[in-house]
Amino acid sequence: MKTKQFKAESKRLLDLMIHSIYTHKEIFLRELISNASDALDKCYYRVLTDDAVPFTRDSFFVTLTVDKQARTLTVSDTGVGMTPEELESNLGTIAQSGSLTFRKDNAPMEGVDIIGQFGVGFYSAFMVSDLVAVRSRTLDGDAFEWRSAGSEGYTIAPCDKHERGTDVILTLKANTEDEDYDQFLDERRLKALVKKYSDFIKYPIRLSVPHRSLKEGSDKEYEDVWEEETLNSMVPIWRKNKNELTDEDYDSFYRDKHFGFDKPLRHIHTSVDGVTSYTAVLYIPAQTPFGYYSKSFEKGLELYSNGVLIMNKCADLLPDHFSFVQGLVDSADLSLNISRELLQHDRQLKFIAKKIGDKIRGELLSMLQNEREAYETFFGSFGLQLKYGLHTGMGMNNETLQDLLVFYSSTENKLVTLGEYVSRMKDDQKYIYYATGDSVDRIRKMPQTEMLADRGVEILYLTEDVDEFAIKVLHAYGEKEFRNVSGGDLGLEETEKAPDEQDKALFDDMQKVLDGKVGLVRVSQRLKTHPVCLASQGDLSIDMEKVLSALPEAKGITADKVLELNAHHDVFAALKAAHAADRAKFEFYTRLLYNQALLMEGLPMDDPQSFVDDVCSLMS
């Protein structure tokens, strides 16, 4: 029998196909099953268009047959089969896609979803095989076998296959130190690969393996009995009518796909038809996955094309601020590259990602408005990610995320949205006020909040490190700007009175004693009962300094601090008296007040021992 040469550019091209295109050798099984599914679809098309073709639904299936002794794995289908000419054209010419030709030559029909488009997936078989034989019989013709050991060429000859369809018989390579080819003869491994890549192929995928069993009527003689098991789910949940599905169906799918072990807060089942059509099933978890806020966490949705898994984690489908979402997307319209492991063009993907982002935002807003308790559970787990999204987006995500934020309210004693805060603002209130600190309780005791609280002004309590950075990026909500209660200007109607000459000298001398530790000393407009506090000027607040100072690359970054004194407090009177009569006591009081202000802010003192000595001196 004469060996024929591959028509498309020989050994180098086939070597490239085998060694360079696919990332993982296991992909060969996905490709062969997808080809088998296409063959079944073509046969189904014949059934729909030709009344003479017999049809029974249970006669359409794919079978994987394992023969460990012969080291063969066979992928069989009961599809349309191939003539000698089609074997020559489809398998003898690399990158000639019979499926693509079929799609071009035939009108689309419901239930016929041709997967293949490049004509290269079949050659992935050579990644794991020394010899590939393809035995095929058409609906109304004879059977032929195509056989090849790789780039040296192939043969085509008649064979004795009696049933319609195609058998792809792989003689697996011998194991090496680096590669284990025996795994593709292992039942559990094959089941796992089918579940991973081809679980939602709409035809049954059966595994046929021999098991040793006693012969009937004998207690000594054994024989091989072939047993079959269907491996795939076939009809994916996203292709079912939503009216047929219950919450438990979605929750079970969530657990079965290992998206999480908790009960998700929400599921989203959406389909979009158009230039780029897709279906998605998305989940909003109730709890943060292990390691979610670590660098090792990998975001992304599973990406399918016609029910075949293309990517396990497609990060481009989710913006970072919604990286907590789990689920999958299935689209037949994606422009995949030749290995079907990557996307050739990102225009379609960006379109899908935009739609998915809008859908997630809509569902979260709906939860916020209609299921407040559930939303607060969600925000406790993932609110930090929304805030990071604002901060890292540098303004690009403001419109998307601002209405999803909630902060603790000083007057409502619960979490409130920015919209709810603004709706309660007094007519003469210009700004949205916020305070930062480690906890709600600590912020509530801050001296800087006294005057605003006394006036009944609502203050938002920001307790996460990222909060103020996010608020700075947001800058305003609607027409209302944000103001830190510790900032330089609260924007209140009262105008700060200029200090008299005596007080001005006092403040100047305090600055000298503190030797540049504060940029200004002044009378406070925000204190009511406390004698002293620290405020800040400029964009960098004291809490932002604390966050940045913990970063190794941000050493030396400090806020421009202001020491504010309560002119109505007895301490201020004692300070003025010391300034007039006793320089040593004045410096002593200045150090005490400054260190007291540092303690209330949670800032480290330059010389704690000196402070202890000062306190002891005061007591004695």
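Rules behind the numbers
- Residue numbering note: each chain is counted from 1, following its sequence as written.
- Local features in this predicted model are restricted to residues whose pLDDT is 70 or higher, and side-chain atom pairs enter the listing and the counts only when it is 80 or higher, whereas totals over whole chains, interfaces and linings include all residues.
- Calculation of side-chain values draws on the structure's entire complement of heavy atoms; hydrogens and water are dropped beforehand.
- Throughout, exposure labels follow a simple rule: accessible area from a 1.4 Å probe, protein chains only, divided by the maximum for the residue type, with under 20% read as buried, over 50% as exposed, and the rest as partly exposed.
- Secondary structure follows DSSP: runs of H or I at least 4 residues long count as helices, runs of E at least 2 residues long count as strands, and numbering of each begins at the N terminus.
- Two strands pair under a simple rule: DSSP has to find at least two bridges between them.
- Comment: axis = line fitted to C-alpha atoms, over the contacting stretch for helices; angle = value between 0 and 180 degrees taken between N-to-C directions.
- Whether two residues touch is decided by their heavy atoms; if any such pair falls within 4.5 Å, the residues are in contact.

### A closer look at the pairing of strand E10 (residues 278-284)
Link 1 in the chain: Buried residues dominate E10, accounting for seven of its seven residues.
Link 2 in the chain: Neither face of E10 is open: one carries Tyr278, Ala280, Leu282 and Ile284, the other Thr279, Val281 and Tyr283, and all of them are buried.
Link 3 in the chain: Strand direction decides the pairing type here: strand E9 (residues 266-272) and E10, joined by seven bridges, are antiparallel. Paired with Ile268 across the strands is Leu282, a residue of E10.

### A look at the sheet that holds E10
Link 1 in the chain: As summarised here, the arrangement of the five strands in space is E9-E10-E13-E11-E12, forming an open sheet in which the pairing is mixed. The open sheet is flanked by E9 and strand E12 (308-314), the only strands paired with a single partner. The sheet shows a mean angle of 15° between the axes of neighbouring strands, taken without regard to direction.
Link 2 in the chain: Bridge count between strand E11 (residues 301-305) and E12: four bridges; the pairing is antiparallel. Bridging across to E12, Leu303 finds its partner in Met311.

### Quick notes on the sheet that holds strand E22 (residues 560-565)
Link 1 in the chain: Taken together, the three strands give an open sheet; going across it, the order is E20-E22-E21, and neighbouring strands pair in mixed fashion. Among the strands making up the open sheet, the edge pair consists of strand E20 (520-523) and strand E21 (532-537). Averaged over all neighbouring strand pairs, the angle between strand axes comes to 35°, with direction disregarded.
Link 2 in the chain: Each of E20 and E22 touches helix H14 (residues 501-514); the most contacted strand, E20, lies at about 145° to it.

### Side note on the environment of Ala578
Link 1 in the chain: Secondary-structure assignment places Ala578 in helix H16 (residues 570-581).
Link 2 in the chain: You can call Ala578 buried: its relative accessible area is 4%.
Link 3 in the chain: As for Ala578 and Phe588, which are separated by 10 residues in sequence, their C-alpha atoms are 9.4 Å apart.
Link 4 in the chain: Residues within four places of Ala578 in sequence aside, it is in contact with Arg583, Lys585, Phe586 and Tyr589.

Honestly, it's all geometry; don't read function into it.
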